[in-house]
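A closer look at the structure
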Amino acid sequence: MNTTNNSNNWLFEITPKNKFFSLNLKEVWQYRDLLFLFVKRDVITVYKQTVLGPLWYLIQPLFTAITFTVIFNNVAGINTGRVPAFLFNLAGIIVWNYFTACLNGTSDTFKANAAIFGKVYFPRIITPLSVIISNLIKFGIQFFIFIAFYCYYYIIGKDISMNGLVVFFPVLIIVMGILALGLGMLISSMVTKYRDFSNLLGFGIQLLMYLSAVMYPMELIKQKLPKFGWLVEYNPLAYTIETSRYMLLNVGHISVLGLCYNLALTVAVFFMGLLVFNKTEKSFIDTV
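By convention here, each chain's residues receive numbers from 1 onward along its written sequence. Totals for whole chains, interfaces and linings use all residues, but because this is a predicted model, local features are given only for residues with pLDDT of at least 70 and pairs of side-chain atoms are given and counted only at 80 or more. The side-chain values count all of the structure's non-hydrogen atoms but skip hydrogen atoms and water molecules.

On to unusual backbone geometry. Trans is the prevailing form of peptide bonds, just as negative phi is the prevailing case for residues other than glycine. Despite not being glycine, Ala213 shows a phi value in the positive range, around 60 degrees. Position of Ala213 relative to the elements: it lies in the loop between helix 10 (196–210) and helix 11 (218–224). Backbone geometry at Asn250 places phi at a positive 60 degrees, although glycine is not the residue there. Within the element layout of this structure, Asn250 appears in the loop between helix 13 (236–249) and helix 14 (256–280). By the criteria applied, helices consist of DSSP H or I runs no shorter than four residues and strands consist of E runs no shorter than two, each listed in order from the N terminus.

This is the structure in structure tokens:
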């Protein structure tokens, strides 16, 4: 038997990762079937044994939008102009929900998948990447609900319209997903050594929501609380949500400088998260 020929005919060769930084797009593509399997698992099995099933994707944003409308618009008196308050809040909530779902899902990658990571090899980035893709499907379902209410308000005569830049809305969502992926990989790597990050994440996301202009226009915080307006201005998510409402409802404004800042920070966070993620995957099994 010619062992030399056999050794040169392997389909895949697993070798130690010596590169300081590696994106491994070719390897991810080779394992695309596994990626789609994880996506299917995330979408189907989560609510497989529930009574309402996928309807939970719809219930959460609807009840949240109703709550925001009652508290922030009816009680606190936040004015949304010509756009119905419920529709204004729903537009911000569905975008925000996509970010939080991606961040929560990716930030627990090493801890949640320690068993499978310790038994079989595959590109570890497939796991958080599957979370981003599966949540795109959930976002699509929630976006359909937004469109349904948009059509309802339009039919009854409300003065609403979409901006022509709405064609770039998918790009905006993808950028938000990349930001969540980068942050999630970074947090997941830290959780392997510092479990406190898991406890702080829920509180941090809740606090971040109030600084992301989800339930109010960015201009309002600048007018009402000018001393604290910088907290919103330096938050890239606020520009994403404000721009989303501008595209979907033609209200507010687009800050080109803010979007450039958002894009630059997203790229920086993603590559930083990927670098730390690649480094952590080599030794995380000893600490999880």
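We are not done yet, so read on.
We now examine the nonpolar core. Generally speaking, soluble globular proteins have nonpolar side chains that are buried together. For this analysis, a nonpolar core means a set of buried residues of the types Ala, Val, Leu, Ile, Met, Phe, Trp, Tyr and Cys, connected via side-chain atoms within 4.5 Å. The classification of residues rests on relative accessible area computed with a 1.4 Å probe and restricted to protein chains. Under 20% of the type maximum is buried, over 50% is exposed, and intermediate values are partly exposed. Leu87, Trp96, Phe99, Phe146, Val214 and Leu249 are the most contacted members of the largest nonpolar core, which has 65 residues in total. For this core, the leading source of residues is helix 5 (residues 85–106), giving 13 residues. Residues count as neighbours in contact if any of their non-hydrogen atoms are within 4.5 Å of one another. Once residues lying within four places of it in the same chain are set aside, the contact partners of Val214 are Phe68, Gly92, Ile93, Trp96, Met209, Ile241 and Arg245.

So, about a nonpolar patch on the surface. Taken together, the side chains of Leu225, Phe228, Trp230, Leu231, Tyr234 and Tyr261 present a nonpolar region at the surface, about 620 Å² in accessible area. The topology assignment puts Tyr261 in helix 14. According to the relative accessible area criterion, Tyr261 is partly exposed, its value standing at 30%. The patches described consist of residues with a relative accessible area above 30% and no salt bridge, like charges being joined within 9 Å and nonpolar side chains (Val, Leu, Ile, Met, Phe, Trp, Tyr) within 5 Å. For the accessible areas, the method is Shrake-Rupley and the probe is 1.4 Å, while residue cover comes only from the protein chains on display. Think of a salt bridge as a Lys or Arg side-chain nitrogen and an Asp or Glu carboxyl oxygen that are within 4 Å of each other.

Mapped onto the secondary structure, Leu186 falls in helix 9 (residues 169–191). Among the residues examined, Leu186 registers a relative accessible area of 15% and is labelled buried. Between the alpha carbons of Leu186 and Met272 there is a distance of 7.4 Å; along the sequence they are 86 residues apart. If we skip the residues at most four places from it in the chain, Leu186 touches Met272, Gly273 and Val276.

Contact geometry of helix 5 with helix 8 (residues 126–155) gives a least axis separation of 9 Å together with a crossing angle of 170 degrees. What the angle tells us is that helix 5 and helix 8 run roughly antiparallel. Residues are grouped as follows: Ala, Val, Leu, Ile, Met, Phe, Trp, Tyr, Cys and Pro are nonpolar; Asp, Glu, Lys and Arg are charged; every other residue, Gly included, is polar. Split by residue class, the contact of helix 5 with helix 8 holds 20 nonpolar, 5 polar and no charged. Note on method: axes are straight lines fitted to C-alpha atoms, helices fitted across the in-contact stretch only, with angles between N-to-C directions ranging 0 to 180 degrees. Each angle receives one of four descriptions, namely roughly parallel if under 35 degrees, roughly antiparallel if over 145, roughly perpendicular if within 65 to 115, and oblique otherwise.

This paragraph deals with the packing of aromatic side chains. The rule is short: rings of Phe, Tyr and Trp, with Trp giving its six-membered ring, pair when the centres are within 6.5 Å, and they are stacked under 30 degrees, edge-to-face over 60, tilted in between. The final tally for this structure, using the stated rule, is 12 aromatic pairs. Where Phe143 meets Phe169, the ring centres are 5.5 Å apart and the plane angle is 25 degrees; that geometry is what we call stacked. Of the two residues, Phe143 is situated in helix 8 and Phe169 in helix 9; the sequence distance between them amounts to 26 residues. Accessibility expressed as a relative area gives 21% for Phe143, which makes it partly exposed. Ring plane angle 75 degrees and centroid distance 6.4 Å describe the contact between Tyr239 and Tyr261, whose orientation is recorded as edge-to-face. Of this pair, Tyr239 sits in helix 13 while Tyr261 sits in helix 14, placing them 22 residues apart in sequence. Taken together, Tyr98, Phe139, Phe143, Phe146, Tyr150 and Phe169 form an aromatic cluster joined through their ring pairs.

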